[in-house]
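# Inside the fold
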Amino acid sequence: MSFDVAATSYQRFMGRFSEPLADEFVRLADLERGRRALDVGCGPGALTSRLAAVVGAASVAAVDPSAPFIAAVRARLPEVDVRRASAENLPFPDGTFDAVLAQLVVHFMADPVEGLREMRRVAAPYAWVAACVWDHEGGTGPLSPFWSAVHDVDPHAPDESGLAGSREGHLAELFAQAGFTDPETSVLTVAVPFSTFEEWWEPFTLGVGPAGAYVAGRDPAGVAAVRERCRARLPDAPFTLRASAWAARGRAPS
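Below, the structure is looked at part by part. Predicted, not measured: the structure shown is a model, and the values here were computed from it. (Residues numbered from 1 in each chain as written. Predicted model: local features only at pLDDT ≥ 70, side-chain atom pairs only at ≥ 80, totals over all residues. Heavy atoms only, no water.)

With that settled, consider helix H1 (residues 7-25). Between its first and last C-alpha atoms H1 spans 21 Å; for 19 residues at 1.5 Å apiece the expected length is 27 Å, and the helix comes up short by more than 12%. Most pronounced at methionine 14, the bend in H1 amounts to some 75 degrees. Those residues of H1 that sit buried are Ala7, Ser9, Tyr10, Phe13, Met14, Gly15, Phe17, Ser18, Glu19, Leu21, Ala22 and Phe25. (Helix = DSSP H or I, 4+ residues; strand = E, 2+ residues; numbered from the N terminus. Expected span 1.5 Å × (residues − 1). Bend = angle between axes of the 7 residues up to and from the residue. Buried < 20%, exposed > 50% of the residue type's maximum accessible area, 1.4 Å probe, protein only.)

Put into structure tokens, the structure is as follows:
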């Protein structure tokens, strides 16, 4: 699944959830000013900006395979070391960072275990390596109302419940396969307000991620059917949606 979309489109689609999630996730790194941190799969920079606020922008590095996202982070945080790279091939020496984090990225790694191994490789001894992913399988992720509505009108449509880490306990399993001993797990939950139904729906039409690709592939009647099922499933506006993500962290070896 490509994320070579405009950073503003991604921000409108997922930013309202990923920005507050980053506030919760950054705490798992136990970082202090001046420590080195890496954001793997940085997207437009939600987590990168939080890391910069904690340790200082000059102490942060970020990578992402999407050129538009890299450009957006460089413009947003010019002091951060931003590079175009995948999680499975991080362009840093062994033991470089005091914390290595991946927010909403394990879902889309070509090889999640190898990606986590690479994160472990570039982490300093005893540094935290952490990741979080939406609970798509359990129905508490931010896209759950959308996919439930899709299945009302298209029961066999593929969704995101099978993505890596989406089911309870799977993220910890991936950490263990990557060589982490006894990874710690937690659940991170955010609440996001919407003033109108259209404010919630419109980002699904921007072609971002699997949900955006599904909408883009429907004819107008199909799109209208999904939209109206979404409207029926959601509370009357204004409303607030809660969304949960699985999180795991493990120590790099000495």
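With that out of the way, let us pick up the sheet that holds strand E6 (residues 184-194). Ordered in space as E3-E2-E1-E4-E5-E7-E6, the seven strands form an open sheet in which the pairing is mixed. Each of the sheet's edge strands pairs with one partner strand only, and the pair in question is strand E3 (81-84) and E6. Taken over all neighbouring pairs, the strand axes of this sheet differ in orientation by 20 degrees on average, direction set aside. With three bridges connecting them, strand E1 (residues 37-40) and strand E4 (residues 97-103) associate as parallel partners. For alanine 37, the partnering residue across the bridge sits in E4 and is alanine 99. (Pairing = 2+ DSSP bridges. Axes fitted to C-alpha atoms, helices over the stretch in contact; angles between N-to-C directions.)

Taken as a whole, this structure holds 16 aromatic pairs when the rule is applied. Residues tryptophan 147 and tyrosine 214 carry aromatic rings whose centres are separated by 5.9 Å and whose planes lie at 65 degrees to one another, so their mutual orientation is edge-to-face. Of the two residues, tryptophan 147 sits in helix H5 (residues 144-153) while tyrosine 214 sits in helix H8 (residues 209-216), which places them 67 residues apart along the sequence. Each member of the pair tryptophan 147 and tyrosine 214 is classed as buried. Taken together, the aromatic side chains of Phe13, Phe146, Trp147, Phe197, Trp200, Trp201, Phe204 and Tyr214 make up a single cluster linked through ring pairs. The cationic tip of arginine 120 hangs over the ring face of phenylalanine 180; the distance from NZ or CZ to the ring centre is 5.8 Å. Above the plane of the ring of tyrosine 214 lies arginine 218, whose end atom (NZ or CZ) is 4.4 Å from the centre. (Phe/Tyr/Trp six-rings, centres within 6.5 Å; stacked < 30°, edge-to-face > 60°. Lys NZ or Arg CZ within 6 Å of the ring centre and 35° of its normal.)

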